[in-house]
Amino acid sequence: MAAMSRDGRFAPSPSGPLHLGNLRTALLAWLFARRAGARFRVRVEDLDPGRSRREHEARQLADLRALGLDWDGPVVRQSERRARHREALAQLQAAGRVYPCWCTRAEIRAAASAAHGPLPEGAYPGTCKRLTAAQRAEREASGRRPALRLDAAGERVAFVDRLHGPVAGVVDDLVLWRNDDTPAYNLAVIVDDADQGIGEVVRGDDLLESTPRQLLVARLLGLPAPAYAHVPLVLGPDGRRLAKRHGAVTLADLAAARGWRPADALGWMATSLGLAEPGEPVSPAQLLDRFDPDALPRAATTFAG
Ligand code: GLU
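Residues numbered from 1 in each chain as written. Predicted model: local features only at pLDDT ≥ 70, side-chain atom pairs only at ≥ 80, totals over all residues. Heavy atoms only, no water.

Caption draft 1: Representation of the packing of aromatic side chains. Within the structure shown, the criterion is met by four aromatic pairs. Seen from their ring centres, phenylalanine 32 and phenylalanine 291 are 5.2 Å apart, and the 70° between their planes marks the pair as edge-to-face. Residue phenylalanine 32 is located in helix α1 (residues 20-35), and its partner phenylalanine 291 is located in the loop between α10 (284-290) and β12 (301-302); the two are separated by 259 residues in the primary sequence. Residue phenylalanine 291 is classed as buried on the basis of its relative accessible area, which comes to 2%. (Phe/Tyr/Trp six-rings, centres within 6.5 Å; stacked < 30°, edge-to-face > 60°. Helix = DSSP H or I, 4+ residues; strand = E, 2+ residues; numbered from the N terminus. Buried < 20%, exposed > 50% of the residue type's maximum accessible area, 1.4 Å probe, protein only.)

Caption draft 2: Seen up close, the sheet that holds strand β3 (residues 76-77). Strand order in this open sheet of three strands is β1-β2-β3, and the pairing throughout is parallel. A strand with exactly one partner marks an edge of an open sheet, and here the two such strands are β1 (8-10) and β3. Sheet analysis places β1 next to strand β2 (residues 40-44), joined by three bridges and oriented parallel. Residue pairing in the sheet places arginine 9 in a bridge with arginine 41 of β2. Sheet strands touched by helix α2 (residues 54-67): β1, β2 and β3. Its angle to β2, the strand with the most contacts, is close to 160°. (Pairing = 2+ DSSP bridges. Contact = heavy atoms within 4.5 Å. Axes fitted to C-alpha atoms, helices over the stretch in contact; angles between N-to-C directions.)

Caption draft 3: Structural context of unusual backbone geometry. With phi around 55°, alanine 153 is a residue other than glycine that occupies positive phi space. Counting through the fold element by element, alanine 153 comes out in the loop between β5 (147-150) and β6 (156-161). Its identity as a non-glycine residue notwithstanding, aspartate 181 has a phi of 65°, on the positive side. In this structure, aspartate 181 sits in the loop between β8 (175-177) and α6 (185-195).

Caption draft 4: Quick peek at α2. Under the 1.5 Å per step criterion, the end-to-end length of α2 is 20 Å for 14 residues, consistent within 8% with the ideal 20 Å. Within the span of α2, buried status applies to Glu57, Gln60, Leu61, Asp63, Leu64 and Leu67. Angular distribution of buried residues about the axis of α2 spans 155°; they occupy a single face of the element. Facing away from the buried surface of α2 by more than 90 degrees, the exposed residues are Arg54, Glu55 and Arg65. (Expected span 1.5 Å × (residues − 1). Arc of directions from axis to C-beta.)

Below is the structure:
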């Protein structure tokens, strides 16, 4: 099914404050949606009970506002959509596409490195799909709660990314429901994007490899597939994805360490995207006039710190 809208979203996980890289992705998602005259939504991806904190959520939303980014409708929390995620799981179960998996991380690593074939590196090789009745009974008797995996049947999914062009991948048997009884990201994200009418997903290109998985889940559920634009990341001086260990990278830390106001952070982001001159004061509305998705840099930017 074709995407019907250009509505966009930013979907942060509230596991810490947003850094310049997350904020730049938010700015880009906002620019894509607003440039198309479409709605822009914020969805809080708070499925991981161990890492999600309401105070991080509040700070993240405050930082988006401080940059001058606005959004439509209420902020949706993924944790409040659990019944819908369960329904999607049940639909896949009814279609015979779900099986329990008791493998530990170490077992998956060992099996994945021994496996050969078309699956990407580190992919789950389907161990628990091939258990004998006795092996299965033994695991069931262990009392350990299994994760639930999609039987992806080795399907290959192709799509065209707005920035990366044609992308294709063989989908492995991804986790749909975690063994701590929470919906897995790859299930929740595509159900929520569809239910919220998101027509174009703009997010960091570290998630490019997850997209075939999400598109397969969408197809099996009969949900519309969004279009995708995977945007370049901001890296630290060591060439790795920007993170807290790189020093002052959040709005609060940049204010304390460098005296940056939110507008200075916005200026840095705009400059890094070729939308402003260094030091030039800019507003989101001005950036909207200058923004051309096709002229976006394709390479990551380094934040020197
Ligand atoms: N919640 C994910 C993250 O913060 C992003 C998910 C997405 O944009 O699809 O990394």
